[in-house]
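An overview of the molecular structure
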Amino acid sequence: MQQIKTDLRVYKQRNFMDKSKTPGRLMVNEYLKQKYGCKVYRIALNGGFTCPNRDGSLGTRGCIFCSAGGSGDFAEDPKVSITQQIEAGKKRVEKKVKNGKYIAYFQAFTNTYGPVEKLRKLFTEAIEHPDIVILSVATRPDCLPDEVLDLLEELNRIKPVWVELGLQTIHEKTAEYIRRGYPLKVYDEAVRKLKERNLEVITHVILGLPGET
Ligand code: SF4
């Protein structure tokens, strides 16, 4: 598994240097195809979480771009189990492609904002599915206490774990405008801790926010 992560970094570097190749999603898709021998699809899951920017801990209105569904409007139905959500996602993909592999992508709201035992149950159920090759967890950098990092590190020894952080901007003024609710140093510290534990980090940014060039 360590080898997979190292390969991914090398692959990213090489391809970003090769201008003839398209960087970004296509490049990662290609990497995954080579690694797993087939196309790898994301299944957007809903673990029934909320967000500190929604439940009143930091705010109630959320980030200005966030939908009522916590930016997970196309995720599966949270009323059913994670296994059932994965099966529902697979069924849709299999209408077009058979024998794919899948990333269990916990997308809706803040997916580490809850008791660690709840996280353990949901994430373990996802990685135990035989067709899941990667666990990907979307969250905020201010919602990664040590016990959650310990859990992610532990799961990363079973199957690769990606942590997707919603940074959106490096500029504090813009962060305030979009109601992100944490300063840049919190992101920096979270990335440092995740890297220390050998977890793959994916950063979400929004290009061209008002006042930015
Ligand atoms: S942190 Fe994520 S879930 Fe929470 S309000 Fe912002 S975009 Fe929505």
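These numbers come from a predicted model, not from an experiment. (Residues numbered from 1 in each chain as written. Predicted model: local features only at pLDDT ≥ 70, side-chain atom pairs only at ≥ 80, totals over all residues.)

Let us look at the overall build of the protein chain. Scanning the protein chain for helices and strands turns up seven helices and five strands. Counting from the amino terminus, the protein chain carries its helices and strands in the arrangement α-α-β-α-β-α-β-α-β-α-α-β. Looking at the protein chain as a whole, 32% of its 213 residues qualify as buried. Of all intrachain contacts in the protein chain linking residues separated by at least 6 positions in sequence, the fraction that spans at least 24 positions is 81%. (Helix = DSSP H or I, 4+ residues; strand = E, 2+ residues; numbered from the N terminus. Buried ≥ 20, exposed ≤ 12 C-beta atoms within 10 Å, placed from the backbone. Contact = placed C-beta atoms within 7 Å.)

For any two helices packed against each other, the geometry is given by the interaxial angle and the distance between the axes. Interaxial distance between helix H4 (residues 116-128) and helix H5 (residues 146-156) falls to 10 Å at its minimum, and their mutual angle equals 15°. Relative to H5, the element H4 is oriented roughly parallel. Handedness of the H4/H5 crossing: right-handed. Note on element contacts: H5 touches H4 through Glu-147, Val-148, Leu-151 and Leu-155, opposite Val-116, Leu-119, Arg-120, Phe-123 and Ile-127. Residues that form the contact of H4 with H5 fall into these classes: seven nonpolar, no polar and two charged. (Axes fitted to C-alpha atoms, helices over the stretch in contact; angles between N-to-C directions. Parallel < 35°, antiparallel > 145°, perpendicular 65-115°, else oblique. Left-handed = near helix turned anticlockwise from the far one by under 90°. Nonpolar A, V, L, I, M, F, W, Y, C, P; charged D, E, K, R; others polar.)

Close to the ligand lie Cys-51, Asn-53, Arg-54, Gly-62, Cys-63, Cys-66, Gly-70, Ser-71, Phe-109, Thr-110, Arg-140 and Gly-166. Split into classes, the residues belonging to the shell around the ligand amount to four nonpolar, six polar and two charged. (Near = placed C-beta within 6 Å.)

This paragraph deals with the nonpolar core. Ranked by internal contacts, the top residues of the largest apolar core, which has 42 residues, are Tyr-102, Ala-104 and Ala-126. Sorting the residues of this core by element identifies strand E1 (40-45), helix H3 (82-94), strand E2 (101-106), H4, strand E3 (132-139), H5, strand E4 (161-168) and helix H7 (184-196) as the ones contributing at least two each. When residues of this core are assigned to their parent elements, the largest contribution, six residues, is made by E3. (Core = buried A, V, L, I, M, F, W, Y, C linked by C-beta atoms within 7 Å.)

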